[in-house]
Amino acid sequence: MREGGPGRRAGGNTGTAPWADLTTLPHLQDYEGDPEARPFTREELQLFLDYADDQVERAVRAKRKGVLAAYRDATLFKVIYGWGLRRTETSKLDVVDFGRNPQARQFGRYGTLNVRYGKAKKGQPPRRRNVLSVMDWAVEAVADYVENVRPRFGFPDHPALWITERGGRLQPGSINDRFEAYRDALGLTKELTPHSLRHSYVTHLTEDGVDRRFIQQQVGHECDSSLAIYTHVSDDFMNTSLHKALAPAFAGA
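Residues numbered from 1 in each chain as written. Predicted model: local features only at pLDDT ≥ 70, side-chain atom pairs only at ≥ 80, totals over all residues. Heavy atoms only, no water.

Running from amino to carboxyl end, helix α2 (residues 67-83) crosses helix α4 (residues 136-149) at an angle of 145°, the nearest separation of the two axes being 9 Å. Read as a crossing pair, α2 and α4 show a hand that is left-handed. Residues L68, Y71, R72, T75, K78, V79, Y81, G82 and W83 of α2 form the contact with α4, whose own contacting residues are W137, A138, V139, A141, V142, D144, Y145 and V149. Within the contact of α2 with α4, the residues separate by chemical class into 12 nonpolar, two polar and three charged. (Axes fitted to C-alpha atoms, helices over the stretch in contact; angles between N-to-C directions. Helix = DSSP H or I, 4+ residues; strand = E, 2+ residues; numbered from the N terminus. Left-handed = near helix turned anticlockwise from the far one by under 90°. Contact = heavy atoms within 4.5 Å. Nonpolar A, V, L, I, M, F, W, Y, C, P; charged D, E, K, R; others polar.)

As structure tokens, then:
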């Protein structure tokens, strides 16, 4: 494992990505959509990911079993958010699903993620998509896990990215169980689910000014109206956008 802990904090000392520091950007307020679709506020997300990191450090200090599983889970939640994934898509990832992006050489072998089991239409096979890596801290976290932590589970011939201590593939139900344990330990609202991490990806990139069509392609939505239900930007973002829209008129006056 790298010195300093598990991939470190989701927004701490992680480079120049404009959305990397979750605590310094506008946060979400008063989400009015379907409760199951509510994204994390930036503060909630930082708290959740920090707590997941803390579980690794506590297991290391206590010299008890479960260090590898805690490290795996902390990285898994960062990957769900960092690439805007569904829970089942995440469970079915293999190590070889990461690849290089010639347009983002700084990410090395983690520049793209091939999602092979995207949500299928009724009666059709799973839809595949390539998701481009955009968050440098998330790339650092998964690279550390793949290169320094996953090999310690053993089972080198198993293709799964998320492997159990008994050599199986981590299942969606287990992801949900660990998420709920962390969420409840922090006293966060039960409206937050693993899918909230995916919604947060869409909302935070929207707030950060990323092109909507790009986000739509990243999460595998065929139309912008589907993407809209994922998005709720903060009041601060709306006010800033309003001032920008009115600026030309005031300048003319």
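This part takes up the pattern of salt bridges. Evaluated as defined, the whole model comprises 14 salt bridges. E207 is the partner of R42 in a salt bridge, and the nearest nitrogen-oxygen pair spans 2.8 Å. Of this pair, R42 sits in helix α1 (residues 42-62) while E207 sits in helix α6 (residues 194-207); the two residues are 165 residues apart in sequence, bridging distant segments of the chain. Judged on exposure class, the residue R42 and its partner E207 are both buried. The closest approach of N and O atoms between D184 and K190, which form a salt bridge, is 3.4 Å. Overlapping salt bridges bring together D94, D97, R116 and R169 as one network. (Salt bridge = Lys/Arg side-chain N within 4 Å of Asp/Glu carboxyl O. Buried < 20%, exposed > 50% of the residue type's maximum accessible area, 1.4 Å probe, protein only.)

Turning our eyes to something else, we now look at the packing of aromatic side chains. Under the defined criterion, the tally for this structure stands at 12 aromatic pairs. An angle of 70° between the planes, with centres 6.0 Å apart, marks the rings of F77 and F179 as edge-to-face. Of the two residues, F77 sits in helix α2 while F179 sits in helix α5 (residues 172-185), which places them 102 residues apart along the sequence. In terms of burial, F77 and F179 fall into one category: buried. Aromatic ring contacts, followed pair by pair, group F40, F48, Y51, F77, F179 and Y182 into a single cluster. (Phe/Tyr/Trp six-rings, centres within 6.5 Å; stacked < 30°, edge-to-face > 60°.)

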